[in-house]
Amino acid sequence: MFKDEIRLAPYIDKRQAAIELAWCFPGTYSIGMTGLGYQLVWWLMEQDPQVLVKRCFTDMDEGDLSRCRYFGFTLSWELDFINMVHILDKYRIERDSSTRSDNDPIVFGGGPVLTANPEPFAHLFDVILLGDAEKTVPAFIDCLKNLNGNATRREKLEALAVIPGIYIPSAFEFSYQSESGPISDIRPNAQGLNNQPQKLIFKPPVDYIAQTQILSPKTTWGDSFLMEIIRSCPQECGFCLASYLTKPVRFTSVDTIGDTVDRILPYTKKVGLLGPSISEHPKFLEILETLYARVDQGLQVTIASVRADTITEPIARKLSQMGQRSITIAIESGSQRLRDLIRKNLTTKEIEDCLSAAEEGGLQAIKFYGMVGLPYEEQADLDETVALMTRLKKTHKKLKLTLGVSSFVPKAQTPFQWLGRDEKAGDKIEFMRKAMAKIGIEVRPESNKWSDIQALLSRGDRRLTPILNTIDTSNQSLGSWRKALRERSSSCPDLQYYAYREIPRDEILPWSHLSTESNTAMLLQKLAK
């Protein structure tokens, strides 16, 4: 795999490198090297001449990692921890940070899952980086470079603890109102580490762009060059982690996008535009026109999901002319009432106009994302979704329509973090599947039971550690989760506690010490609206 790569990033002289570091993705090479976040952090570390970075995946690595004194992981999905444990076991690193000695590597991590709520995984990590990598990673690396070569584990953690954006889980201890009850207190422990964690936000210069640094034909998207044109989302739907965790919204300039494409065209003709809602870039049409001017050089463009209310016929036509055959839009529900309650900020007419523009612009298919089990949902809302899809199917016969259906999972550090899952969500997914089958629309449902596990981890705390330790990392089945939950100790709450209950607004949350009072007040205000 590595021999087939094209390195776009400049080569750095590593002859003076004093730090060897393993940068691990909890999955295969083909998936990991597709991830822009993984490549971004790799380059933030790789560009330092004193740091030798070796990439590591579940199926391969860049040579001998035995000399690496630091092992880093990115977690973008709650269940990524399973493959992380697999990698720790493979390289004989203790799973529990409290049992690691001075001879063991420091294990660090970052990514949206850990920034939102790292507590279920706290035992795995010595160090967690909170917030944008462009701010936290350079500070982390600078601290490592200033450490004495013979520094003990304790001395390393003491030095890292005072760095903004760095969280040392072992510096805090939790107490509970009862064995399986809510948290009563989160406080610094007797170890005395001076750690005051805070999420850091990156303010990019005008010419900045997060981009692919290594091209590989062996990735999920082949030799596509990916670039982020928008970070965060301005809409702030109540359930959306991308909106609240990565605020404020930041846009890449049109000139930077054009210059970047010109630079990489000799290496690949495939470009992917990434972001939570890329069509909300205020100059999205200008971006497309800039890229279209390079179509005669063979440029092909693919895009991430878009907002329905931003798609016009000129935009759809430009996308079609650059090889895009479909667009993906998240409507969540066909019910205007429910969309308003979840702060979707999208009208039925805007959805209908989007399909008309797509059809007139030459696109061939629309992929919808829908969600069931949303807070405040009633059966009438599901019926509205069926009615809308039926109407769209009849009025846009040239378009192939598909519907992906998932169930609501409450996410830490969003307004809906206090609201529980719907116990009837599985039945609702089946209702949607049958209703769509009757009108000839393909449904792609997500597993409701796996969403239970996702919610368990999303709102979990350190009492889940024994359960995570018993999960069979070679199995990764729902059965292993059910068994672990059945056999949990009395000190660990059940699935109902973590995933399904509505949390009192004044209850201490597992991530309360990682959020500010002003941020919590803002989330409560958004929830109340």
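What you see is a predicted model; the values in this text were computed from it and never measured. (Residues numbered from 1 in each chain as written. Predicted model: local features only at pLDDT ≥ 70, side-chain atom pairs only at ≥ 80, totals over all residues. Heavy atoms only, no water.)

Caption draft 1: Main features of the nonpolar core. Judged by nonpolar contacts, the single largest core of 83 residues is most densely connected at Phe-73, Phe-81, Phe-125, Val-127 and Trp-481. Element by element, the count of residues in this core is highest for helix H2 (residues 36–46), at 7 residues. Listed in part, the 57 residues of the second largest apolar core include Met-227, Leu-319, Ala-358 and Leu-388. (Core = buried A, V, L, I, M, F, W, Y, C linked by side-chain atoms within 4.5 Å. Buried < 20%, exposed > 50% of the residue type's maximum accessible area, 1.4 Å probe, protein only. Helix = DSSP H or I, 4+ residues; strand = E, 2+ residues; numbered from the N terminus.)

Caption draft 2: Here's a closer look at the sheet that holds strand S11 (residues 225–228). On the basis of which strands lie adjacent, the open sheet formed by 3 strands has the order S11-S14-S15 and parallel pairing. Each edge of the sheet is formed by a strand with only one pairing partner; in this case those strands are S11 and strand S15 (300–303). The mean inter-strand angle of the sheet, taken between neighbouring strand axes irrespective of direction, is 25°. Both S11 and strand S14 (residues 270–274) contribute to a ladder of 4 bridges, which runs parallel. Opposite Glu-228, over in S14, you have Leu-274 as the bridge partner. Together, S11 and S14 form the strand contacts of helix H8 (residues 254–264), whose direction differs from that of S11 by roughly 165°. (Pairing = 2+ DSSP bridges. Axes fitted to C-alpha atoms, helices over the stretch in contact; angles between N-to-C directions. Contact = heavy atoms within 4.5 Å.)

Caption draft 3: Summary view of the pattern of salt bridges. Scanning all chains against the criterion turns up 41 salt bridges. Note that Arg-462 and Glu-119 form a salt bridge whose closest N and O atoms lie 2.6 Å from each other. Of the two residues, Arg-462 sits in the loop between helix H15 (448–458) and helix H16 (465–470) while Glu-119 sits in the loop between helix H4 (112–116) and strand S6 (127–129), which places them 343 residues apart along the sequence. We note that Arg-462, like Glu-119, is buried. Salt-bridge contacts for Glu-158 lead to Arg-154; the nearest nitrogen and oxygen are separated by 2.8 Å. Within this pair, Glu-158 and its partner Arg-154 are both found in helix H6 (residues 153–161), separated by 4 residues, close to a single helical turn. What makes Glu-158 partly exposed here is its relative accessible area of 38%. (Salt bridge = Lys/Arg side-chain N within 4 Å of Asp/Glu carboxyl O.)

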